Amino acid sequence: MDKTILVATVRARLSDKVANLEKIIAETRAANNDTKSSMGDKYETSREMVQQEINNLQRQLNECLEQQNSTAKLSPEPCTEAKFGALVETGSGFFYVVSSVGVIETQGVKIHTISPASPIAKAMHGKSKEQIFTMNGISQTVKNIY
């Protein structure tokens, strides 16, 4: 299976996510700066809550930027074991170990993108074709790796 489309889709989704987070952060900051009040403590509490939300959004943005950096190294070349950048076929479906950006449908196949830190990625890490891994007490066989 050709991973070129998968690599491009993951990169595009991460770019969209970064752009969206940057937009939300800018809008939230603008709304926070526009808020003027003489209500004293309530005003300060409100500003602090907005600042906490901005901090949370900034953390998400930083994580997204890190994911973008790691996907810059992605190659559509086939892999021989389950690791970062591998497309792994199991009895449960296809898993692309890269970054969790949702399901990608290509060539009539649904492919679940998963983070290397996810439980299933950890369970199958280092496995090659025909090897068995166990997750949540259920054994699965690696059918193929692309």
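Note: the structure precedes this text.
Residues numbered from 1 in each chain as written. Predicted model: local features only at pLDDT ≥ 70, side-chain atom pairs only at ≥ 80, totals over all residues. Heavy atoms only, no water.

Caption draft 1: Structural detail: the side chain of Gln140. Take Gln140: it is sitting in strand E6 (residues 138-145). Of note is the side chain of Gln140, whose polar atom sits 3.3 Å from the side chain of Thr90. (Helix = DSSP H or I, 4+ residues; strand = E, 2+ residues; numbered from the N terminus. Polar contact = N/O pair within 3.5 Å; in protein donor to acceptor, adjacent residues only side chain to side chain.)

Caption draft 2: How the structure looks around unusual backbone geometry. Even without a glycine there, the phi angle at Gln107 is positive, about 55°. Examined against the element boundaries, Gln107 turns out to sit in the loop between strand E3 (103-106) and strand E4 (109-114). Given the relative accessible area of 56%, Gln107 is considered exposed. Located in the positive-phi region is Asn136, a residue other than glycine, with phi close to 55°. Checked against the element boundaries, Asn136 lands in the loop between strand E5 (132-135) and E6. (Buried < 20%, exposed > 50% of the residue type's maximum accessible area, 1.4 Å probe, protein only.)

Caption draft 3: Molecular detail of the sheet that holds E3. Sheet architecture is open: six strands sit in the order E3-E4-E2-E1-E6-E5, paired in mixed fashion. Of all strands in the sheet, those bounded by a partner on one side alone are E3 and E5. If you compare each strand with its neighbour and ignore which way they point, the axes differ by 40° on average. Bridge analysis of E3 against E4 gives four bridges, and the strand direction is antiparallel. When the sheet's bridge partners are listed, Ile104 is paired in E4 with Ile111. (Pairing = 2+ DSSP bridges. Axes fitted to C-alpha atoms, helices over the stretch in contact; angles between N-to-C directions.)

Caption draft 4: Geometry of the environment of Ala12. Considering the arrangement of structural elements, one finds Ala12 in helix H1 (residues 4-34). Its relative accessible area of 37% is what places Ala12 among the partly exposed residues. Separated by 112 residues in sequence, Ala12 and Met124 place their C-alpha atoms 26 Å apart.

Caption draft 5: Region of the structure containing the environment of Gln67. Within the element layout of this structure, Gln67 appears in helix H2 (residues 41-71). Here the alpha-carbon distance between Gln67 and Arg47, two residues 20 residues apart in the chain, equals 30 Å. Those residues in contact with Gln67, other than ones at most four positions away along the chain, are Leu14 and Ser99. (Contact = heavy atoms within 4.5 Å.)

Caption draft 6: Region of interest: the environment of Ile54. In this fold, Ile54 is placed in helix H2. The exposure class assigned to Ile54 is buried, which follows from its relative accessible area of 2%. As a C-alpha pair, Ile54 and Thr28 span 26 residues in sequence and 6.9 Å in three-dimensional space.

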